[in-house]
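Examination of the molecular architecture
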Amino acid sequence: MKTLMISVLAALATTASAQTLRAPIGPQKPVRAMPTPPPVSLRPEVQGVVPRAFRGGNPLQMLNPGAPARYGTWVDSTSFDPNIPGKWKGIKLFEIIF
């Protein structure tokens, strides 16, 4: 009688732990996208005459007064005196912005 009882309990335990291997039918819940982690460190932005000349493709266009606007204006590459408005002080060869 004990062996019969143990075999019945074993049969119930094995059927209770059985899993189906079929894919679910019907619409699935959408998977939420993982948010993009922030960058570890931001590189400082480098501006000025020399980087803009190499980035633009044609450095000679910086000397052309009739060049298209995508090459920039003279105001972008000039440093001004803060004490005297309108007075330029020099040319920004390299400018690092943090």
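Figured I'd write up the structure that's included with this text. (Residues numbered from 1 in each chain as written. Predicted model: local features only at pLDDT ≥ 70, side-chain atom pairs only at ≥ 80, totals over all residues. Heavy atoms only, no water.)

What follows concerns the overall build of the chain. Assigned secondary structure in the chain consists of two helices and four strands. A compact globule built from 98 residues should have a C-alpha radius of gyration of about 13 Å, whereas the chain, at 36 Å, is more than 25% larger. In terms of principal-axis extent, the alpha carbons of the chain reach across some 110 × 30 × 20 Å. Taken over 98 residues, the chain has a buried fraction of 9%. Carbon and sulfur atoms make up 67% of the accessible area of the chain, which totals about 9,500 Å². Averaging the locations of the 11 positively and 4 negatively charged side chains of the chain gives two centres separated by 23 Å. (Helix = DSSP H or I, 4+ residues; strand = E, 2+ residues; numbered from the N terminus. Rg over C-alpha atoms; globule rule 2.2 N^0.38 Å. Buried < 20%, exposed > 50% of the residue type's maximum accessible area, 1.4 Å probe, protein only. Areas by Shrake-Rupley, 256 points an atom, 1.4 Å probe, with all protein chains shown as cover. Lys, Arg positive; Asp, Glu negative; His and termini not counted. Charge placed at Lys NZ, Arg CZ, Asp CG, Glu CD.)

Estimated volume of the largest pocket: approximately 150 Å³. If you trace the largest pocket, you find it lined by Arg52, Gln61, Met62, Asn64, Pro65, Ala67, Pro68, Ala69, Tyr71, Gly72, Thr73 and Trp74. (1 Å grid on protein atoms, 1.4 Å probe; cavity = no way out; pocket = protein on both sides within 12 Å on 5 of 7 lines; lining within 4 Å. Points joined across faces, edges and corners; volume = space filled by probe spheres on them.)

Our focus in this paragraph is the pattern of salt bridges. Tallied over the full model, the rule gives one salt bridge. With a shortest N-O distance of 3.8 Å, Lys92 and Glu95 are connected by a salt bridge. A relative accessible area of 23% places Lys92 in the partly exposed class. (Salt bridge = Lys/Arg side-chain N within 4 Å of Asp/Glu carboxyl O.)

Its place among the elements puts Gly66 in the loop between helix H2 (49–56) and strand E2 (78–80). Considered as a pair, Gly66 and Ser7 are 59 residues apart in the sequence and their alpha carbons are 96 Å apart.

A few words now on the environment of Arg22. Tracing the backbone through its elements, the reader meets Arg22 in the loop between helix H1 (2–16) and strand E1 (45–47). Since its relative accessible area comes to 68%, Arg22 is described here as exposed. Separated by 14 residues in sequence, Arg22 and Val8 have C-alpha atoms that sit 27 Å apart.

Position of Thr78 relative to the elements: it lies in strand E2. The exposure class assigned to Thr78 is buried, which follows from its relative accessible area of 10%. Once residues lying within four places of it in the same chain are set aside, the contact partners of Thr78 are Trp88, Gly90 and Lys92. (Contact = heavy atoms within 4.5 Å.)

As a further point, take the side chain of Asp81. Topologically, Asp81 is positioned in the loop between E2 and strand E3 (88–91). One buried charged side chain, Asp81, makes no salt bridge at all; its nearest oppositely charged neighbour is Lys89, positioned 4.6 Å away. Non-local contacts of Asp81, meaning those with residues more than four positions away in its chain, are made with Lys87 and Lys89.

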